[in-house]
Amino acid sequence: MTGTGSDRSPRARLRALRPESFGADPTGERLARIRRSPNFADGIFQNPEQARRGPSGSGVEFAKIYFDREGRSRRAPTGTIPVHPTTVADLARPPATGLRLTWMGHSGVLAEIDGHRVLFDPVWGDRCSPFPFAGPKRLHPVPAPLAALGPVDVVVISHDHYDHLDLPTIKALATTDTVFAVPLGVGAHLERWGVPASRLRELDWNESTEIGELRLTATPARHFCGRGLRNRQMTLWASWVVTGPSHRIFHSGDTGYFSGFKEIGAAHGPFDATMIQIGAYSDFWTDIHMTPAEGMRAHLDLQGGAPAGVMLPIHWGTFNLAPHPWAEPGEGTVEAAAGAAQRIALPIPGEPFEPGAERLPETPWWRPVARVPAGGWGGAALTDGHEALTDGSPAAADANGEIGEEGGAGRGTGEPGTDAGRGAPEAARTP
């Protein structure tokens, strides 16, 4: 007798009601492979060094800081964020040096390396959230339509949080011929969204895959994972090394600082360029996100301890996911680079640059549309957003960032300041 929907088990019926954006849990051989991983123990993936995955301290204290009206005004620009106007035309010309990076905002970067095109953590959706009506909304438009980027050889995903793995973006890319390189377990989400298993390269830490002349290696990171109501910690998170015949680059994904950067550098570096997470940090989750100073330290570790290559700061400017002022990650990176005598690139979203070129984009483009710190530019301490600020108006946050009204910090993103980061997205409970 053929079964009907009413014959399904309660678990199967609940699974059928699961929002598509939550993705899918690993099963079958994928789950067996996860359980065999040396990085999986006690039913979850483990960090390379001990790390608290959820927020520390009082939730009440965090809420006071996050929803303070004055603090909210600091977390958004006071005007329109500039976006590079000729991204598509610029990308039509091949890079003269063989390596070009285009920051698309947040952690998204298009890397053109030795004749190949690699797209890291693409998020073209309006919100990093499981729902289109709630959660952090982007503060600037994407610099170019996804289809206008041209053929992409490989899409690299660092982990499955909503601000790095975006359902509408993946579904659009699933209709192309691109290959997806993802950490172990993340392939379950992509298969549910229409990516054929034949186009997946699913890697554990320190495993590699070859795509054309490129070698892609998933390397350790200090973070966590999860998209649904129950964050089972059964999908891995990773940083990535991409090595071509003439160039090598590194993308940090999301991570706290840890000693493993030195090991990654020794095994795979030095790098022509690193893309390093320097935003969405807080004293409430120090273990799993880096400050700009820590990001610079990670870059130097990756380069063998001395200034080398070019550092591109990522994971900031596009979404509000933490209590710090909007411009603080950029300012902190400028300060850290000056102290280390390290070259950094400061492109506006969509502005291509070549790390090997004599000149880099170096103008702090955010200053004209950010509130000026009380000490002036270059004098603001990294104090998790508590320093006194001048200029700008509190209304800027409501006009630009929709902060607080739709769920607060990182709502639905999986970021640690939210119920999503603890395993129960607050956005999922929105009426």
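All residue numbers refer to positions counted from 1 along the written sequence of the respective chain. Where local features are concerned, this predicted model is filtered to residues with pLDDT of at least 70; where side-chain atom pairs are given and counted, the filter is 80 or more; whole-chain, interface and lining totals use all residues. The basis for every side-chain value is the complete set of non-hydrogen atoms in the structure, without hydrogens or water.

*Asks:* Lay out the overall build of the protein with the relevant residues and their values.
*Replies:* When its secondary structure is counted, the protein shows twelve helices and 17 strands. The rule is simple: take the accessible area with a 1.4 Å probe, protein chains only, and divide by the maximum for that residue type; under 20% is buried, over 50% is exposed, in between is partly exposed. Taking all 431 residues of the protein together, 61% fall into the buried category. Contacts are assigned to residue pairs with any non-hydrogen atoms lying within 4.5 Å of each other. Residue pairs at least 24 apart in sequence account for 70% of intrachain contacts in the protein once pairs closer than 6 positions are excluded. We get accessible surface area from the Shrake-Rupley algorithm with a probe of 1.4 Å; when it comes to residues, only the shown protein chains can shield them. Accessible area for the protein stands at about 16400 Å²; split by element, carbon and sulfur atoms hold 53% of it. By definition, any uninterrupted DSSP run of H or I lasting at least four residues is a helix, any uninterrupted run of E lasting at least two residues is a strand, and each is numbered from the N terminus.

*Asks:* How would you sum up the pattern of salt bridges? Please name residues and give values.
*Replies:* Criterion for a salt bridge: a side-chain nitrogen of Lys or Arg within 4 Å of a carboxyl oxygen of Asp or Glu. Taken as a whole and judged by the stated rule, the model has ten salt bridges. Glu20 is the partner of Lys171 in a salt bridge, and the nearest nitrogen-oxygen pair spans 3.0 Å. Here Lys171 is found in helix α6 (residues 167–174), whereas its partner Glu20 is found in the loop between α1 (10–17) and α2 (28–36), with 151 residues between them in sequence. You can call Lys171 partly exposed: its relative accessible area is 35%. Notably, a salt bridge pairs Glu191 with Arg30, separated by 2.6 Å at the nearest N-O pair. Taken as a pair, Glu191 in helix α7 (residues 187–192) and Arg30 in helix α2 lie far apart in primary sequence, 161 residues in all. What makes Glu191 partly exposed here is its relative accessible area of 35%.

*Asks:* Report on α2, specifying residues and quantitative values.
*Replies:* Within α2 the residues assigned to the buried category are Arg30, Leu31 and Ile34. For α2, the angular spread of buried residues about the axis comes to 95°, placing them on one side. Away from the buried face of α2 by more than 90 degrees, exposed residues Gly28, Glu29, Arg35 and Arg36 are located. As for α2, its buried residues are in contact with β1 (40–41), β2 (44–45), α7 and β8 (200–203). This arc is built from the directions going out from the helix axis to the C-beta atoms.

*Asks:* Give me the sheet that holds strand β10 (residues 214–219): which residues, what numbers.
*Replies:* In short, DSSP must find at least two bridges between two strands for them to pair. Here six strands make up an open sheet; going across it, the order is β9-β10-β11-β12-β13-β14 and the pairing mixed. Lying at the two open borders of the sheet, with one neighbouring strand each, are β9 (208–211) and β14 (310–314). Across the sheet, the mean angle from the axis of one strand to that of its neighbour is 15°, orientation sign disregarded. Where strand β13 (residues 273–277) lies against β14, five bridges are found, and the strand directions are parallel. Bridging across to β14, Ala273 finds its partner in Val310. Fitted lines through C-alpha atoms serve as axes, helices being fitted only where they are in contact, and the angles separating the N-to-C directions of these axes extend from 0 to 180 degrees.

*Asks:* So what about helix α8 (residues 260–268)? Which residues, and what values?
*Replies:* Among all positions in α8, only Gly260, Phe261, Ile264, Gly265 and His268 are buried. End-on view of α8: buried residues confined to an arc of 145°, all on one side of the axis. Projecting away from the buried face of α8 at angles above 90 degrees are the exposed residues Glu263, Ala266 and Ala267. Lining the buried residues of α8 we find β10, β11 (239–243), β12 (248–251) and α9 (292–302).

*Asks:* Please give an account of the sheet that holds strand β5 (residues 116–120) that cites residues and values.
*Replies:* What the seven strands build is an open sheet, ordered β8-β7-β6-β5-β4-β3-β15; its pairing is mixed. Taken across any chain shown, the strands that pair with only one partner, and hence form the sheet edges, are β8 and β15 (352–353). The pairing of strand β4 (residues 108–113) with β5 spans five bridges and is classified as antiparallel. When the bridges of β5 are listed, Ala111 appears paired with Val118.

*Asks:* Account for the nonpolar core, naming residues and giving values.
*Replies:* Residues grouped as a nonpolar core are buried Ala, Val, Leu, Ile, Met, Phe, Trp, Tyr and Cys residues, joined through side-chain atoms within 4.5 Å. Judged by nonpolar contacts, the single largest core of 70 residues is most densely connected at Leu101, Val118, Phe120, Leu216, Trp240, Ile249 and Trp326. Leu91, Leu110, Leu149 and Val186 belong to the second largest nonpolar core, which has 23 residues in total.

*Asks:* Go over the pairing of β5 with me, naming the residues and quoting the values.
*Replies:* The side chains of a regular strand alternate, residue by residue, between the two faces of the sheet. Most of β5 is tucked away, with five of its five residues classed as buried. Connecting β4 to the antiparallel partner β5 that follows it, the hairpin turn spans two residues, and Asp114 within it adopts a positive phi of roughly 50°. With three bridges joining them, β5 and strand β6 (residues 154–156) adopt parallel strand pairing. Bridged to Phe120 within β6 is Val156.

*Asks:* Describe in detail the environment of Trp103, supporting the description with residues and values.
*Replies:* Locating Trp103 in the fold gives a position in strand β3 (residues 99–105). For Trp103, a relative accessible area of 1% corresponds to the buried category. Trp103 sits 246 residues away from Pro349 along the chain, and the two C-alpha atoms are 5.6 Å apart. Excluding residues that lie within four positions of it along the chain, Trp103 makes contacts with Gly108, Val109, Leu312, Pro313, Ile314, Trp316, Pro347, Ile348, Pro349, Gly350, Glu351 and Trp365.

*Asks:* Describe unusual backbone geometry, listing the residues and the values that go with them.
*Replies:* Going from Gly269 to Pro270, the amide bond is cis rather than trans, its omega being -5°. Take Pro270: it is sitting in the loop between α8 and β13.

*Asks:* I'd like a description of the packing of aromatic side chains, backed by residues and values.
*Replies:* Two rings belonging to Phe, Tyr or Trp (six-membered ring only in the last case) form a pair when the distance between their centres is within 6.5 Å. Interplanar angles under 30 degrees mark stacking, angles over 60 mark edge-to-face geometry, and anything in between is tilted. This structure, assessed with the given rule, holds 15 aromatic pairs. Summarising the aromatic geometry, the rings of Phe250 and Phe261 are spaced 6.4 Å apart at their centres and angled 80° between planes, so their arrangement reads as edge-to-face. Residue Phe250 is located in strand β12, and its partner Phe261 is located in helix α8; the two are separated by eleven residues in the primary sequence. For Phe250, a relative accessible area of 0% puts it in the buried group. On the basis of relative accessible area, Phe261 is assigned to the buried category, the value being 0%. Between Tyr257 and Phe261, the aromatic rings sit 5.8 Å apart at their centres with planes inclined by 35°, giving tilted as the arrangement. Phe261 matches Tyr257 in its accessibility class, with the two residues each being buried. By way of ring pairs, the aromatic residues Trp103, Trp316, Trp326, Trp365 and Trp366 are connected into one cluster. The rule is short: NZ of Lys or CZ of Arg within 6 Å of the ring centre and within 35 degrees of the ring normal puts a charge over the ring. Over the ring of Tyr162 we find Arg227; its NZ or CZ atom is 3.9 Å from the centre of that ring.

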